[in-house]
Amino acid sequence: MADRNGNRGGQEQAISAPYNFVPLSGWVHTPEWGPQVGHDRPFRDGVSGTLAFTLQADSPLLVGGHQKTPSEDSPGEVHPFRLGDNGPCAIPGSSLKGMLRSVVEIAGFGRMRMVDDQRLSIRDLAGAVSKTYREKMAAGDPRKGFKPKARAGWLRIDAGSGHAQIFPCRYARVEHDLIAEYSGDHKWWHNIDPGKDTSAHFKYDRWKKASKESLETSFTVGPEETHHHRQANLVYRKVLALGEGDKRGTLVFTGQPGRAQRDEKSGKRIKSKHMEFVFFDCEEESREVPEPVWRNFLQIHANSDDWEKWREKPWIPIFYLDDGKGGIASMGLALMYRLAYDNSIHEAIENTGSEHLALPGEGHGYDLADLLFGTVGAEQDAALRGRVTCEYAIAEGDPRPMKPQTTILNGPKPTFYPNYVVQKENGKGRLKGNGYATFMDKDVTIRGFKRYPARPADQVAVQEVTGKQKENKKVQVKLYPLEPGTTFRGRIRFHNLRPAELGALLWAMTWGGNQEFRHGLGMGKPFGFGQVRLEVDPAATELRPNDPSAGPVSTDEATLDEYRQAFVAHMEAEHGRRGGAWATSRQIANLLAMADPANAPQYEAATGTRLHHPRLEDNRINEFQDAKKAHAVLPDYAASLGVETGGEARGSGGAGDYGHPWLDEAIPRLVAENNARDAEEIIRGKVLAEAWKGLEGEEREAVGAAIKDLWEARGLLEAPPKPQKKLMRNVYGWLE
């Protein structure tokens, strides 16, 4: 566990992170009146008007305005948004709309489709899922040696068409000692520091400065054989001499690992990578790079400095995997390159519920967020203009920014699978089972909607810039937030909303009328910045019913609460149709738990974590890797607080409820078809067992494991009643 300053006083029980997730629902709610929505088709029970509100910042607030780009000499800067160059501080309507829409999407059980369909990548040589990576990238065993499956080649990009092709070649590995002797640059090649810039192009630049020789060279190469290395035996051809010999080839450099390794006994740094490559015997016939492979490569290397420098070159050294049919399966800039996962983010979302990615206009309806704020459909006539408009919220008085606070805004990406992928947890922040789920798994599901839990004032602080990051001004940023207590006034205009829709908007603004809860707005949310609360001003609010005979509508708190309750009643009815209560669902429990600042200290105490990013400092500290080695996971926020959830709707939460998408669909269906009392009766009974028997292959195995987990959670495995024992022996085969 770590204290507030990040000092570790013992092993953490779970993974620290400033964010958590609201589980993704396996079903999507699309109100039946959605196709009737329009600006020129009034609902009889519709209402239009204006909601006046005050917004108060309870922690430093920075909605970005003027910004300064970082340079080698100075950090970047972000100042508060203002109307005009010297106008008052304000919050754009788009920022308010985004904040409220995110709450309506979750509370209204809407779609999760505003997500880029990235295909993430993995490079894990010694971590928690290294076995999965090694099996893809190498063959062999520790005794005889591992042989990389990747082949070498020269990549050429057609300037006209943009098509990529690879000319295969052979490669051999060459020691840094030989390169040092050949180039005369002895000191540098013998003492490469992983803590400094040792990208591939840094090495090429060093070569040009220190050597008059070109990269083309004669050399002598040995046979393919097993070579002993500190971590494993490896099979490859090794260069025996540079500058002489019967072969001609080209020296190829790849990046140096950024984290130094140290000898366990002496504590001295070990040069973890000590070899480069020579490419030779290039083939004249090329292989076309398939479009999906090329797209994955460009996504993976989108932020690569090396690729930025390579992409303009006529010939680029590359490594690739054969697809077994003479084609290209994947490729990268190093021998053990970053490998694209089998599943993209959208495919992982579909494993929870395909309706999440359905586009309005294809017969899939509109969710509540679409109906309120508008959406673009699959077809032009499916686009829906929003009926809620957020105006600028203007600051009261003349608030001045606080003293600038320097930090780094980088954080973990969805590639950090212990957090972003649903994992089996033992209830104590540790992994349950043999290994982490990743985007390589066929039935992978994502954690859900990312949220930053609110926290009390004494936990609000930027993470300090430490170590060598202090020297790198280009990654630093100075934040100029407004003081806590800054107040804004604004209005939200709405048109032709039904009572449940207006109630959804009011519920999202005020968290159902709870003034203790907070929204997250603007920059710095990982540090606790941007915690705000909205309060509707009844005196300045106007409600106009579509039906003239309805007469004037009061705007007092009781009336506003009636609208909120209309939304709650609507969601309870919709959720109840699938079984379970909306208010006690995992989705609402986590959404509200993270909105309450008072919960943060309890969460940290219960999980042994802190609401901070894990530290990644120089070559000494990497808490991301430490967490993987400890098989830690990010705990469920509400469950860690002891919040009881129950009566889950059928299919909600994807693989998080019953453990597998097939079960999420089958159990509710079997409940209905057999007039069962509840899902428990189906889980324990013969009906589910017989349905499972009809499955085949990997799906049968995966579903069987999920059923076994359900039985274990219900205490049926240790001393099963006679009917269950019979099923365990005769159907599932869990007993001999």
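Residues numbered from 1 in each chain as written. Predicted model: local features only at pLDDT ≥ 70, side-chain atom pairs only at ≥ 80, totals over all residues. Heavy atoms only, no water.

1. Details of the overall build of the protein chain
Scanning the protein chain from N- to C-terminus turns up 21 helices and 35 strands. Over its C-alpha atoms the protein chain spans a radius of gyration of 29 Å, differing by no more than 12% from the 27 Å that the globule rule assigns to 736 residues. The C-alpha extent of the protein chain, read off along each of the three principal axes, is 100 × 75 × 55 Å. Classification of the 736 residues of the protein chain by burial places 51% in the buried group. Relative to all contacts within the protein chain whose residues are 6 or more apart in sequence, the contacts with residues 24 or more apart total 75%. Positive and negative charge centroids in the protein chain, built from 98 and 101 side chains respectively, lie 5 Å apart. (Helix = DSSP H or I, 4+ residues; strand = E, 2+ residues; numbered from the N terminus. Rg over C-alpha atoms; globule rule 2.2 N^0.38 Å. Buried < 20%, exposed > 50% of the residue type's maximum accessible area, 1.4 Å probe, protein only. Contact = heavy atoms within 4.5 Å. Lys, Arg positive; Asp, Glu negative; His and termini not counted. Charge placed at Lys NZ, Arg CZ, Asp CG, Glu CD.)

2. Regarding the sheet that holds strand E29 (residues 477-479)
Taken in spatial order, the 4 strands make up an open sheet running E3-E4-E29-E27, and their pairing is mixed. Both outer strands of the open sheet, strand E3 (64-68) and strand E27 (405-407), are each paired with one neighbouring strand and no more. Neighbour to neighbour, the strand axes of the sheet diverge by 25° on average, direction disregarded. (Pairing = 2+ DSSP bridges. Axes fitted to C-alpha atoms, helices over the stretch in contact; angles between N-to-C directions.)

3. Some remarks on the environment of Thr 559
Within the element layout of this structure, Thr 559 appears in helix H12 (residues 557-576). Exposure remark for Thr 559: the relative accessible area of 13% places this residue in the buried category. Spatially, the C-alpha atom of Thr 559 lies 90 Å from that of Glu 244, the residues being 315 residues apart in sequence. Beyond its immediate chain neighbours, meaning those up to four positions away, Thr 559 contacts Leu 543, Val 553 and Ser 554.

4. A few points about the pairing of strand E11 (residues 216-221)
Taken together, the 4 bridges between E11 and strand E15 (residues 247-252) define a ladder with antiparallel strand orientation. The partner of Glu 216 across the bridge, within E15, is Thr 250. Sheet analysis places E11 next to strand E14 (residues 239-242), joined by 3 bridges and oriented antiparallel. When the bridges of E14 are listed, Thr 220 appears paired with Ala 241.

5. Focus on the pattern of salt bridges
Inspection of every chain in the model, using the stated rule, returns 35 salt bridges. Glu 276 is paired through a salt bridge with Lys 203; the nearest N and O atoms lie 2.5 Å apart. Separated by 73 residues along the polypeptide, Glu 276 in strand E18 (residues 275-280) and Lys 203 in helix H5 (residues 200-210) bring together distant segments of the chain. Of the residues examined, Lys 203 reaches a relative accessible area of 0% and is grouped as buried. Of the charged contacts, one joins Glu 501 and Arg 387 as a salt bridge, the two residues approaching to 2.6 Å between their closest N and O atoms. Linking Glu 501 in helix H11 (residues 499-510) with Arg 387 in the loop between strand E24 (384-385) and strand E25 (388-390), this pair joins segments that are 114 residues apart in sequence. For Arg 387, a relative accessible area of 1% puts it in the buried group. (Salt bridge = Lys/Arg side-chain N within 4 Å of Asp/Glu carboxyl O.)

6. Overview of the environment of Lys 473
Its place among the elements puts Lys 473 in the loop between strand E28 (448-451) and E29. C-alpha of Lys 473 to C-alpha of Glu 350: the two residues are 123 residues apart in sequence and 41 Å apart in space. Apart from the residues within four sequence positions on either side, Lys 473 is in contact with Pro 70, Ser 71, Glu 72, Asp 73, Ser 74 and Pro 75.

7. Here's the deal with the state of the cysteines
Applying the stated criterion across every chain yields a total of 0 disulfides. Cys 282 takes part in no disulfide bond, and the closest cysteine sulfur to it belongs to Cys 169, at a distance of 5.6 Å. Judged by its relative accessible area of 44%, Cys 282 is partly exposed. Cys 89 provides the cysteine sulfur closest to Cys 390, a residue in no disulfide bond, and the two sulfurs are 19 Å apart. By relative accessible area, Cys 390 is classed as buried at 13%. (Disulfide = S-S within 2.5 Å.)

8. A look at the confidence of the model for the protein chain
Per-residue confidence for the protein chain gives a mean pLDDT of 87, with 91% of residues at or over 70. Scored below 50 in pLDDT, residues 1-12 makes 25 contacts in the model with residues more than four places away or belonging to other chains. Taken together, the stretch residues 650-656 has pLDDT below 50 and engages in 33 contacts with residues farther than four places along the chain or on a different chain. (pLDDT = per-residue confidence, 0-100.)

9. Focus on helix H20 (residues 697-713)
Between its terminal C-alpha atoms H20 stretches 25 Å, which fits the 24 Å expected from 17 residues at 1.5 Å a residue. Within H20, the full set of buried residues consists of Val 703, Gly 704, Ala 706, Ile 707, Leu 710 and Trp 711. Viewed end-on, H20 has its buried residues packed into an arc of 165°, placing them on one side of the element. Turned more than 90 degrees from where H20 packs its buried face, Glu 698, Glu 701 and Ala 713 sit exposed. (Expected span 1.5 Å × (residues − 1). Arc of directions from axis to C-beta.)

10. Notes on the pairing of strand E2 (residues 47-57)
Side chains on a regular strand alternate between the two faces of the sheet. With respect to burial, E2 is a largely interior element, 10 of its 11 residues being buried. Two elements, E2 and strand E33 (residues 542-545), share 4 bridges in a ladder whose sense is antiparallel. Bridging from a neighbouring strand, Val 47 pairs with Pro 545 of E33. Direction of pairing for E2 relative to strand E30 (residues 487-497): antiparallel, over a ladder of 9 bridges. Each residue of the ladder has a partner; that of Gln 56, found in E30, is Thr 487. Where E2 and strand E32 (residues 531-536) come together, 5 bridges link them in antiparallel fashion. Among the inter-strand pairings, Phe 53 is bridged to a residue of E32, identified as Val 536.

11. Observations concerning the nonpolar core
Leu 155, Leu 242 and Met 331 are the most contacted members of the largest nonpolar core, which has 147 residues in total. Beyond its immediate chain neighbours, meaning those up to four positions away, Met 331 contacts Leu 155, Ile 166, Val 289, Val 293, Trp 294, Phe 297, Ile 318, Phe 319, Tyr 320 and Tyr 337. With 26 residues, the next largest nonpolar core counts Ile 667, Leu 670, Trp 692 and Val 731 among its residues. (Core = buried A, V, L, I, M, F, W, Y, C linked by side-chain atoms within 4.5 Å.)

12. Quick look at helix H21 (residues 722-732)
Residues Gln 724, Leu 727, Met 728, Val 731 and Tyr 732 constitute the buried set of H21. The buried residues of H21 all sit within an arc of 115° when viewed along its axis, so they share a single face. Those residues of H21 that are exposed and angled more than 90 degrees off the buried face are Lys 722, Lys 726 and Asn 730. Residues of H21 that are buried sit in contact with helix H18 (679-684), helix H19 (686-693) and H20.

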